[in-house]
Amino acid sequence: MISMFPPALVLIIGALIIPFLKGRARSAYMLILPVVAFFVLQSIPEDTYGLMRFLNNDLSLRIDQLSLVFGYAFILITFIGTIYALHVKDLGEQVASYVYAGSALGVVFAGDLISLFVFWELLTLSATFIIWSRGSKASQGAGLRYLMVHIFGGVILLAGIILRVVQTGSTEFGYIGLDTLSSYLILLGFAINAAIPPLHAWLVDAYPEASITGTVFLSAFTTKTAIYVLARGFAGTELLIVLGAIMTVFPIFFAVLENDLRRVLCYSLINQVGFMVVGIGIGTALALNGAVAHAFADVLFKSLLFMAVGAVMYRTGTCKANELGGLYKTMPITLIFCLVGAASISAFPLFSAFATKSMIISATGYEQMTVIFLLLLFASAGVFHHAGIKIPYFIFFAHDSGKRPQEAPPNMLIAMGIAAFLCIFIGVYPKTLYSILPYPVHYVPYTPDHVVSQLLLLFCASLAFATLMITRYYPPELHAINLDTDWFYRRGVPRLIALAGTPLSRLNERLGHAFLEVLPRSLIWFGQNPSAALKIAVDTVLMPFRSESRKAKAKKEINLAKASSATYVLRPWSIGSAMGSVTLFLAAYLLFYYLF
Amino acid sequence: MKKKESDFFDRPKNLKAMAAILIAALIGLLIFDFFVHKHPFFGWDGLPTFYAFYGFVGCVLLVVIAKNIRPFLKREEDYYDD
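Residues numbered from 1 in each chain as written. Chains lettered and ligands numbered in written order. Predicted model: local features only at pLDDT ≥ 70, side-chain atom pairs only at ≥ 80, totals over all residues. Heavy atoms only, no water.

*Asks:* I'm lost on the overall build of chain A in this one. Help?
*Replies:* For chain A, the count of helices and strands is 22 helices and three strands. Structurally, chain A occupies a C-alpha span of about 115 × 65 × 60 Å along its principal axes. Relative to its 596 residues, chain A shows a buried fraction of 58%. A total accessible area of about 24,800 Å² is found for chain A, and carbon and sulfur atoms account for 71% of it. (Helix = DSSP H or I, 4+ residues; strand = E, 2+ residues; numbered from the N terminus. Buried < 20%, exposed > 50% of the residue type's maximum accessible area, 1.4 Å probe, protein only. Areas by Shrake-Rupley, 256 points an atom, 1.4 Å probe, with all protein chains shown as cover.)

And the structure:
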């Protein structure tokens with residue numbers, strides 16, 4: 001067996017050493033780690049390797065075309081994100097970020113369901129710590145809700161995995177497909193991390209509450225690992241086409257209304273992941289290539305946008321649309337990077353998504369899915385509308401907010417510069433990305449009609465934006481939030497509990513009285529003197545059959561026994577009545593034995 | 001030392017020039033759309049100006065719908081704060 005080291009552990013174990021380093025040494029070390037992880041990954045030939053045995057199951061590491069694309073994207077963005085966060089001194093966030101990135105690599109290279117699950121949970125935990133490390137009250141609450149939602153998803157996933165391992169006798173993680181209960185549970189567990197509606201609200205709730213640098217990290221990993229596991233386990237599952245199409249469309253309405261620009265980016269993150277989910281659902285070579293390529297591109301342009309908005313937030317202290325405006329005067333370089341991100345997410349020709357998202361839309365065309373095609377086209381125009389225009393417009397132009405912040409710090413500019421360069425590189429020269437995709441690529445993005453169609457779509461989307469702005473129809477940016485499905489567990493459930501509280505607590509009281517007081521008391525009473533209790537019972541039952549003269553006596557005896565059963569020693573039964581009751585029991589037992 | 005601020009996008013002359021360039025480009029694209037060789041998936045998506053029409057109408061609808069659902073979704077910023 002070849003000895004090799006899982007790339008995930010380079011980052012996770014490497015993270016544990018970060019606390020022992022200080023200042024520049026720590027920064028240098030953190031920059032070297034992803035590079036080391038990259039070379040470790042490079043040194044392992046594509047194959048599946050058994051690592052160790054755990055409870056009679058092989059834990060394995062799988063490196064193939066599909067997992068490699070995600071692995072490269074994750075290592076790349078760890079490097080870029082670290083440069084962006086070089087000014088941050090928060091040790092907790094640094095360690096959590098590296099454990100988080102390592103866990104994502106662990107999920108992607110897991111060959112079996114057990115190690116997949118372990119890394120899956122580690123991903124959740126470390127993400128929670130990233131959210132908490134901002135230290136605000138809002139981030140505490142959001143982190144806790146994030147943890148609860150994902151632990152819930154993790155438990156469902158675990159239930160599905162256990163069922164599946166019992167059914168198939170194998171822990172291998174390969175194609176699963178939607179058939180039995182176990183596969184539905186596993187899909188549900190994956191769907192929560194992919195933010196498939198209505199299970200998406202955790203993303204919009206938690207990510208904008210993390211720190212500026214934390215959000216850059218968070219936006220890149222969780223949803224993309226979910227895309228990887230869906231592509232691996234559920235390619236060609238038709239349900240995903242419908243869910244993905246809904247995912248692309250509904251968030252853009254929220255994004256138009258949302259005032260917090262990082263939250264706008266979260267909605268567009270769901271929208272972009274929706275395209276990938278559609279691609280996985282279609283499951284053809286073109287569609288899967290598109291989904292994977294788009295995931296790679298999305299990691300770059302989405303983090304670029306988060307970095308640009310983050311830089312603005314770093315300098316001004318806010319990312320609310322109605323508090324910003326006119327920043328082009330003092331932050332022109334950030335503006336340029338933001339525009340590159342905006343053009344990339346909007347699939348402008350020569351920018352990354354033009355070469356990746358269009359593969360998915362073309363796949364719906366080739367499969368003759370009219371409605372899905374139209375929805376994705378609408379979502380494409382919509383994402384340009386809010387992420388492509390709204391974000392740069394409200395930060396850098398719109399009304400002059402009077403803010404004159406400095407340009408972003410150099411480390412942020414370098415990180416954004418690298419991401420921006422790669423976005424353009426993929427757009428101009430998509431062959432490089434195409435060459436690492438799981439299937440051979442025959443797709444040609446740059447045809448005259450595709451370029452013209454896409455440009456017209458985007459031009460007219462911006463024309464609509466301009467028209468609505470000039471006519472003042474566009475809804476103004478306000479200090480407000482918009483309800484989403486997290487309402488159900490943040491307000492709905494507490495209200496339901498409050499509503500059901502009175503009757504339920506009364507029922508609880510009754511049950512408590514019956515089971516915790518009356519029943520134990522009777523049992524104790526019975527246990528103190530069982531024979532007396534039985535005698536009382538038998539006498540009470542026999543009462544109607546006694547003659548009048550003995551009735552009064554018997555009644556007296558019962559009352560006497562009841563009054564002091566604990567201390568009162570009964571006069572022994574007569575031999576006759578004792579034998580009689582024993583015979584009765586034996587007869588009942590015999591009857592019971594023969595009947596059943 | 002304070003660098004001189006740019007006010008490029010605040011001058012009406014520049015804005016007008018940019019708008020003119022963009023509108024000219026749009027018109028150019030629309031004309032080109034009639035002559036370019038199409039590979040439509042469905043047929044109707046190969047019609048000239050389909051994408052232009054769809055992009056404009058789609059985005060207007062997007063805003064109209066968003067604006068109309070806002071009253072149902074909008075809450076105070078401290079809505080969830082206890």
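So, next bit.
*Asks:* Looking at this structure, I do not really get the interface of chain B and chain A. What am I missing?
*Replies:* Where interface size is quoted, it is often the accessible area lost as the parts come together. Counting from both sides, the interface comprises 49 residues of chain B and, opposite them, 55 residues of chain A. Buried area between chain B and chain A, both sides added, is near 4,900 Å², and the carbon and sulfur share of it is 72%. Of all residues in chain B, Phe41(B), Arg70(B) and Tyr80(B) bury the most surface against chain A, accounting for 16% of the area lost on that side. The interface formed by chain B and chain A includes two salt bridges. Here Asp10(B) makes a salt bridge to Lys329(A), at a shortest N to O gap of 2.3 Å. Remark: the boundary between chain B and chain A carries 16 residue pairs in polar contact (both at pLDDT 80 or more). With 20 residues, helix α2 (residues 50–73) of chain B is the largest single contributor of residues to the side of chain B that touches chain A. (Contact = heavy atoms within 4.5 Å. Buried area = accessible area lost by both parts, 1.4 Å probe. Salt bridge = Lys/Arg side-chain N within 4 Å of Asp/Glu carboxyl O. Polar contact = N/O pair within 3.5 Å; in protein donor to acceptor, adjacent residues only side chain to side chain.)

*Asks:* Whenever I open this one, helix α5 (residues 113–132) of chain A confuses me. Can you help?
*Replies:* Helical periodicity: at 3.6 residues per turn, an α-helix aligns residues three or four positions apart in one direction. Residues and elements named next belong to chain A. An ideal rise of 1.5 Å per residue puts 28 Å on 20 residues; α5 measures up with 29 Å between its terminal C-alpha atoms. Burial within α5 is extensive, with 14 of its 20 residues counted as buried. N-cap assignment for α5: the residue whose side-chain oxygen lies 3.1 Å from the backbone N of Ile114 is Asp112. (Expected span 1.5 Å × (residues − 1).)

*Asks:* Would you mind showing me how to read the confidence of the model for chain B here?
*Replies:* Fine structural detail should not be taken from predicted coordinates in areas where pLDDT scores are low. Residues with a pLDDT of 70 or more make up 94% of chain B, whose mean pLDDT is 86. Mean pLDDT in chain B bottoms out at strand β1 (residues 74–75) of chain B, which sits at 86, and peaks at α2(B), which reaches 90. (pLDDT = per-residue confidence, 0-100.)

*Asks:* Honestly, the nonpolar core in this entry has me stumped. Any pointers?
*Replies:* A general tendency of soluble globular proteins is for nonpolar side chains to be buried together. Residues and elements named next belong to chain A. Formed by 211 residues in total, the largest nonpolar core has its most connected members in Phe190, Leu230, Phe396 and Met416. Here the element with the most residues in this core is helix α12 (residues 285–316); it accounts for 21 residues. No fewer than three residues from each of domain 1 (1–234) and domain 2 (238–478) sit in this core. Excluding its chain neighbours within four sequence positions, the residues that come into contact with Leu230 are Leu187, Phe190, Ala194, Ile196, Ala235, Leu240, Val277 and Ile280. Counting residues in each nonpolar core, the second largest holds five residues, with Ile536, Met543, Ala554 and Ala561 among its members. (Core = buried A, V, L, I, M, F, W, Y, C linked by side-chain atoms within 4.5 Å. Domains from an automatic or database assignment.)

*Asks:* What should I look at first to understand empty space enclosed by the protein in this one?
*Replies:* Sizing a probe to match a water molecule and rolling it over the atoms shows the empty space that remains. Residues and elements named next belong to chain A. Under the defined criterion, the tally for this structure stands at one cavity of 30 Å³ or more. For the largest cavity, the calculated volume is near 30 Å³. Val69, Phe70, Ala73, Phe74, Lys224, Val292, Ala295, Phe296 and Val299 are the residues that line the largest cavity. Elements with a minimum of two residues in the lining of the largest cavity: α3 (65–84) and α12. In the lining of the largest cavity, the residues fall into eight nonpolar, no polar and one charged. Inspection of the lining of the largest cavity shows a minimum of three residues originating in each of domain 1 (1–234) and domain 2 (238–478). (1 Å grid on protein atoms, 1.4 Å probe; cavity = no way out; pocket = protein on both sides within 12 Å on 5 of 7 lines; lining within 4 Å. Points joined across faces, edges and corners; volume = space filled by probe spheres on them. Nonpolar A, V, L, I, M, F, W, Y, C, P; charged D, E, K, R; others polar.)

*Asks:* What am I meant to see in the domain arrangement of chain A here?
*Replies:* If you check the domain split of chain A, you get domain 1 (1–234), domain 2 (238–478), domain 3 (486–528) and domain 4 (529–596). Each of domain 1 of chain A and domain 3 of chain A was reduced to a C-alpha centroid, and the two centroids are 41 Å apart.

*Asks:* Hey, could you run me through the packing of aromatic side chains in this one?
*Replies:* Pairs of aromatic rings are described using the distance from one ring centre to the other and the angle between the two planes. All names here are of chain A. Across all of its chains, the model carries 39 aromatic pairs over all chains by this definition. When the centroid spacing of 5.5 Å and the interplanar angle of 75° are considered together, the rings of Tyr146 and Trp202 count as edge-to-face. Taken together, the positions of Tyr146 in helix α6 (residues 137–168) and Trp202 in helix α8 (residues 201–206) put the pair 56 residues apart, joining distant regions of the chain. With relative accessibility at 1%, the residue Tyr146 sits in the buried group. (Phe/Tyr/Trp six-rings, centres within 6.5 Å; stacked < 30°, edge-to-face > 60°.)

*Asks:* Which parts of the structure should I look at to understand the packing of helix α15 (residues 370–396) of chain A against α2(B)?
*Replies:* Packed helices, taken two at a time, are described by the angle between their axes plus the distance between the axes. Contact geometry for α15(A) and α2(B): axes closest at 9 Å, N-to-C directions at 70°. By the angle between their directions, the pair α15(A) and α2(B) is classed as roughly perpendicular. Of the two possible hands of crossing, α15(A) and α2(B) adopt the one that is right-handed. Contacts from Phe373(A), Leu374(A), Leu375(A), Leu377(A), Phe378(A), Ala381(A), Gly382(A) and His385(A) of α15(A) reach α2(B) at Phe50(B), Tyr51(B), Tyr54(B), Gly55(B), Gly58(B), Cys59(B), Leu62(B) and Val63(B). Its residues assigned to classes, the contact of α15(A) with α2(B) shows 12 nonpolar, four polar and no charged. (Axes fitted to C-alpha atoms, helices over the stretch in contact; angles between N-to-C directions. Parallel < 35°, antiparallel > 145°, perpendicular 65-115°, else oblique. Left-handed = near helix turned anticlockwise from the far one by under 90°.)

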